[in-house]
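This is what each chain is made of:
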Amino acid sequence: SSHNRHPMQSAGAVQEQPPIHVAIVEDDPSFSDALSTVVQAGPDMWLAATAGTRAAGLAMLQGPPADVLLVDLGLPDGSGIDVIRAAAKQWPSCSIMVSTNFGDETHVMRSIEAGASGYLLKDSSPAKTIDEIRSLANGGSPISPIIARMVLARFRQGSSSDAGAQQAQSADAS
């Protein structure tokens with residue numbers, strides 16, 4: 001009898017999980033095309049949407065949410081940080097990764113505060129970016145090593161000044 005067969009099991013063996021839906025906000029056509037090509041070639045990925053401007057990126061957020069959103073910060077009509085902030089609200093289940101040439105502390109910190117979970121400088125190949133997208137979708141936070149160093153240094157500055165203030169308070173209390 002056919003009701004003993006479990007179609008879900010056989011389907012599950014072929015494809016463990018649905019593809020990672022990737023959306024891209026990037027104004028450089030060659031970089032966007034290269035990224036789109038590798039995403040579409042990935043057997044575990046699906047290119048959900050692309051946008052080339054801040055306005056198009058914000059409009060894209062009205063559509064069905066992606067699993068991973070790649071955002072360039074330097075867009076022709078404004079900052080990608082606005083798109084990150086909006087995506088964090090409108091697509092709360094989506095993991096957001098910055099892909100940019102901006103490696104300065106202000107952009108890094110503002111992106112993280114806005115909701116980015118990853119931060120890649122555009123020095124890696126699109127193939128490498130695909131690995132980072134998988135990492136992000138699986139709960140990781142891909143951050144270019146030089147950016148990670150900056151974040152750690154900033155964190156140490158912040159925590160050491162807090163600790164000093166707390167010690168001072170406890171000294172007053174005694």
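Just above, that's the structure.
Residues numbered from 1 in each chain as written. Predicted model: local features only at pLDDT ≥ 70, side-chain atom pairs only at ≥ 80, totals over all residues. Heavy atoms only, no water.

### Thoughts on the sheet that holds strand β2 (residues 45-51)
Okay, step 1: Spatially, the five strands line up as an open sheet ordered β2-β1-β3-β6-β7, and their pairing is parallel. At either end of the open sheet lies a strand with only one pairing partner, and these are β2 and β7 (118-121). Across the sheet, the mean angle from the axis of one strand to that of its neighbour is 20°, orientation sign disregarded.
Okay, step 2: Pairing of strand β3 (residues 68-71) with strand β6 (residues 95-100) involves four bridges; the strand directions are parallel. Following the sheet pairing, L70 is matched in β6 by M97.
Okay, step 3: Against the sheet, helix α4 (residues 80-90) touches β1 (20-25), β3 and β6, its axis set at about 165° to β3. (Pairing = 2+ DSSP bridges. Helix = DSSP H or I, 4+ residues; strand = E, 2+ residues; numbered from the N terminus. Axes fitted to C-alpha atoms, helices over the stretch in contact; angles between N-to-C directions. Contact = heavy atoms within 4.5 Å.)

### Things to note about the packing of aromatic side chains
Okay, step 1: The final tally for this structure, using the stated rule, is zero aromatic pairs.
Okay, step 2: Just above the ring of F31 sits the side chain of K122; from NZ or CZ to the centre is 4.8 Å. (Phe/Tyr/Trp six-rings, centres within 6.5 Å; stacked < 30°, edge-to-face > 60°. Lys NZ or Arg CZ within 6 Å of the ring centre and 35° of its normal.)

### Brief notes about empty space enclosed by the protein
Okay, step 1: Enumeration according to the criterion identifies one cavity of 30 Å³ or more in this entry.
Okay, step 2: If you add up the space inside the largest cavity, you get close to 40 Å³.
Okay, step 3: Every residue lining the largest cavity is listed: F31, S99, L120, L121, K122, S124 and T129.
Okay, step 4: Taken together, the residues of the lining of the largest cavity sort by class into three nonpolar, three polar and one charged. (1 Å grid on protein atoms, 1.4 Å probe; cavity = no way out; pocket = protein on both sides within 12 Å on 5 of 7 lines; lining within 4 Å. Points joined across faces, edges and corners; volume = space filled by probe spheres on them. Nonpolar A, V, L, I, M, F, W, Y, C, P; charged D, E, K, R; others polar.)

### A look at the layout of surface pockets
Okay, step 1: Estimates place the volume of the largest pocket at around 290 Å³.
Okay, step 2: Residues belonging to the lining of the largest pocket are distributed by class as follows: six nonpolar, five polar and four charged.

### Here's the deal with helix α6 (residues 126-137)
Okay, step 1: An ideal rise of 1.5 Å per residue puts 16 Å on twelve residues; α6 measures up with 16 Å between its terminal C-alpha atoms.
Okay, step 2: Packed against the buried residues of α6 are β1, α2 (29-41), β2, β3, β6 and β7.
Okay, step 3: Phi turns positive, to about 100°, at G139, one or two residues after α6. (Expected span 1.5 Å × (residues − 1).)

### Let's talk about a negative patch on the surface
Okay, step 1: On the surface, D27, D28, D33 and D77 cluster together into a negatively charged patch.
Okay, step 2: Taking relative accessible area as the criterion, D27 reaches 30% and is therefore assigned partly exposed. (Patch = residues over 30% accessible without salt bridge, like charges linked within 9 Å, V, L, I, M, F, W, Y side chains within 5 Å. Areas by Shrake-Rupley, 256 points an atom, 1.4 Å probe, with all protein chains shown as cover. Salt bridge = Lys/Arg side-chain N within 4 Å of Asp/Glu carboxyl O. Lys, Arg positive; Asp, Glu negative; His and termini not counted. Charge placed at Lys NZ, Arg CZ, Asp CG, Glu CD. Buried < 20%, exposed > 50% of the residue type's maximum accessible area, 1.4 Å probe, protein only.)

### What about the nonpolar core?
Okay, step 1: One finds V25, L69, I84 and W91 to be the most contacted residues of the largest nonpolar core, which totals 26 residues.
Okay, step 2: For this core, the secondary-structure elements that each account for two or more residues are β1, β3, α4, β6, α5 (105-114), β7 and α7 (145-173).
Okay, step 3: Per-element tally for this core: the top contributor is α4, with five residues.
Okay, step 4: Non-local contacts of V25, meaning those with residues more than four positions away in its chain, are made with A51, T53, G57, M60, L69, L70, V71, D72, L75 and V83.
Okay, step 5: If you look at the next biggest cluster of nonpolar residues, it comprises 15 residues, including V22, F31, L35 and L70. (Core = buried A, V, L, I, M, F, W, Y, C linked by side-chain atoms within 4.5 Å.)

### Concerning the pairing of β2
Okay, step 1: As paired strands, β1 and β2 are joined by six bridges and run parallel to one another. Of the residues in β2, the one forming a bridge with I24 is T50.
Okay, step 2: In terms of handedness, the path from β1 via α2 over to β2 forms a crossover that is right-handed. (Right-handed = clockwise from strand over helix to strand, strands pointing away.)

### So, the environment of L136
Okay, step 1: Take L136: it is sitting in helix α6.
Okay, step 2: Residue classification places L136 among the buried positions, given a relative accessible area of 1%.
Okay, step 3: Along the chain, L136 and G118 lie 18 residues apart, while their C-alpha atoms are 7.2 Å from each other.
Okay, step 4: Sequence-distant contacts of L136, defined by excluding residues within four places in its chain, comprise V68, S95, I96, M97, S117, G118 and P142.

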